[in-house]
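Overview (structure and organization)
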Amino acid sequence: MKVNIITKRDFLDLAYKNTESFYEKINLPEVFVVKNFYNKDKILELRKKAHDLGTSSAPSWHPCLDGCPDYHRIHDNYPKAYVKALMHAYYKHGYYNENNELFDFFSEIFDLKNFLAGYPSGTFIKNIPSQYQIARVNIHNYPKGGGYQSEHIDPVSKFATIQTIVQASEYGKDFKTGGVYARKEKDSGKFYLDSYTEVGDLMVLSPGIYHGVEEIDVDHTLNWNSNDGRWMIMPIIINSDYDFPENIKPKNV
Ligand SMILES: [Fe+2]
């Protein structure tokens, strides 16, 4: 799988001004690693904030219905999960004003997703779940000692034609083996992406291809409280848990 290492300016130029050839590459599928999309220290600060929250408050789960609070959850091979995983996940919602700064910080990604969907900037950001689509910032921590997300395909929809993953770990230091991979076909070779990235880089790829997170540092003892392993931040627009016809969930493959 070809990885295009690209500057932020060139990437945004391509996506906004040459959208057709951008999609051609995404659909081949090729991957983009956009260098220094975000400031490294700022990303590490967000990671630390999440980690502090995770170690100082109880995990919980809430369906994505009106009133859904920000929360964090430990996914420990939960049998009913759409995609099986071992990870600590943190969810922040755009409809809470206390998150305005966070959503402003990630606005370039939300703006791009809206542009690609043909909507004006700011669409979805303040939506509540009963409006069917909401904006979320997901922070995932796959701990050393086997953190993973099983292989899956995400639904491709108007507002999710690309997946945008902000690297928040240092490959080789925070973890050494495993990590995010993608592949073209179910039985073609896995293509590992983390080694191309540094903290603050943005990975961009199609959601509709086989991808997952391979077990992180399996020879380590699992420790949910340690601030290492693989961290990533994903600003996303998702369907809420209300029932409506086009509400399609990711599926394990
Ligand atoms: Fe995914």
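Residues numbered from 1 in each chain as written. Predicted model: local features only at pLDDT ≥ 70, side-chain atom pairs only at ≥ 80, totals over all residues. Heavy atoms only, no water.

With respect to the coordination of the iron ion
Basically, it comes down to this: Donor selection uses N, O and S atoms within 2.8 Å of the metal (3.2 Å for Na, K and Ca). Since no water is included, sites may look incomplete. For the purposes of this entry, the term helix denotes a DSSP run of H or I that reaches at least four residues, the term strand denotes a run of E that reaches at least two, and both are numbered from the N terminus. The buried label goes to any residue with under 20% of its type's maximum accessible area, the exposed label to any with over 50%, and the partly exposed label to all in between, with areas taken from a 1.4 Å probe on protein chains only.
His152 (NE2), Asp154 (OD) and His211 (NE2) make up the full set of protein donors to the iron ion, lying at 2.1 to 2.2 Å. One chain supplies every donor to the iron ion, and in sequence these donors are spaced H-x1-D-x56-H. Here the residue aspartate 154 occupies a position in the loop between strand S6 (148-153) and strand S7 (163-167), and histidine 211 occupies one in strand S11 (residues 210-214), the gap between them amounting to 57 residues. The class of histidine 211 is buried, set by a relative accessible area of 4%.

As for the nonpolar core
The nonpolar side chains of a soluble globular protein tend to be buried, and buried together. Heads up, the condition is: Residues enter a nonpolar core if they are buried and are Ala, Val, Leu, Ile, Met, Phe, Trp, Tyr or Cys, with the set joined through side-chain atoms within 4.5 Å. Any pair of residues with heavy atoms lying within 4.5 Å of one another is described as a contacting pair.
With 39 residues, the main nonpolar core has Phe11, Phe22, Ile43, Phe106, Val204 and Ile233 as its most contacted residues. Apart from the residues lying within four places of it in its own chain, the contact partners of phenylalanine 22 are Phe11, Leu14, Ala15, Phe32, Leu116, Ile162 and Val204. Grouped together as the second largest cluster of nonpolar side chains are 27 residues, Cys64, Ile134, Leu205 and Ile236 included.

Focus: the pairing of S11
Quick note on the threshold: Strand pairing requires that DSSP identify at least two bridges connecting the strands.
Summarising the sheet, S6 and S11 pair through two bridges and their orientation is antiparallel. Bridged to histidine 152 within S11 is histidine 211. In the sheet, strand S8 (residues 179-183) pairs with S11 via five bridges, with the strands oriented antiparallel. Within the sheet, the bridge partner assigned to arginine 183 lies in S11 and is tyrosine 210.

A short note on the packing of helix H1 (residues 8-17) against helix H5 (residues 107-117)
As a reminder, the rule being used: Every axis corresponds to a line fitted to the C-alpha atoms, with the helix fit spanning only the stretch in contact, and the corresponding angles, defined between N-to-C directions, vary from 0 to 180 degrees. Should an angle fall under 35 degrees it is called roughly parallel, over 145 degrees roughly antiparallel, and 65 to 115 degrees roughly perpendicular, with every other angle called oblique. Note: crossing handedness is left-handed where the near helix turns anticlockwise from the far helix by less than a right angle, and right-handed where it turns clockwise. Lys, Arg, Asp and Glu make up the charged group, whereas Ala, Val, Leu, Ile, Met, Phe, Trp, Tyr, Cys and Pro make up the nonpolar group; the residues left over, Gly among them, are polar.
Contact geometry for H1 and H5: axes closest at 11 Å, N-to-C directions at 20 degrees. When the axes of H1 and H5 are compared, the pair comes out roughly parallel. The chirality of how H1 crosses H5 is left-handed. Along the contact surface, H1 presents Lys8, Phe11, Leu12, Ala15 and Tyr16, while H5 presents Glu108, Asp111, Leu112, Phe115 and Leu116. Residue classes in the contact of H1 with H5 are distributed as seven nonpolar, no polar and three charged.

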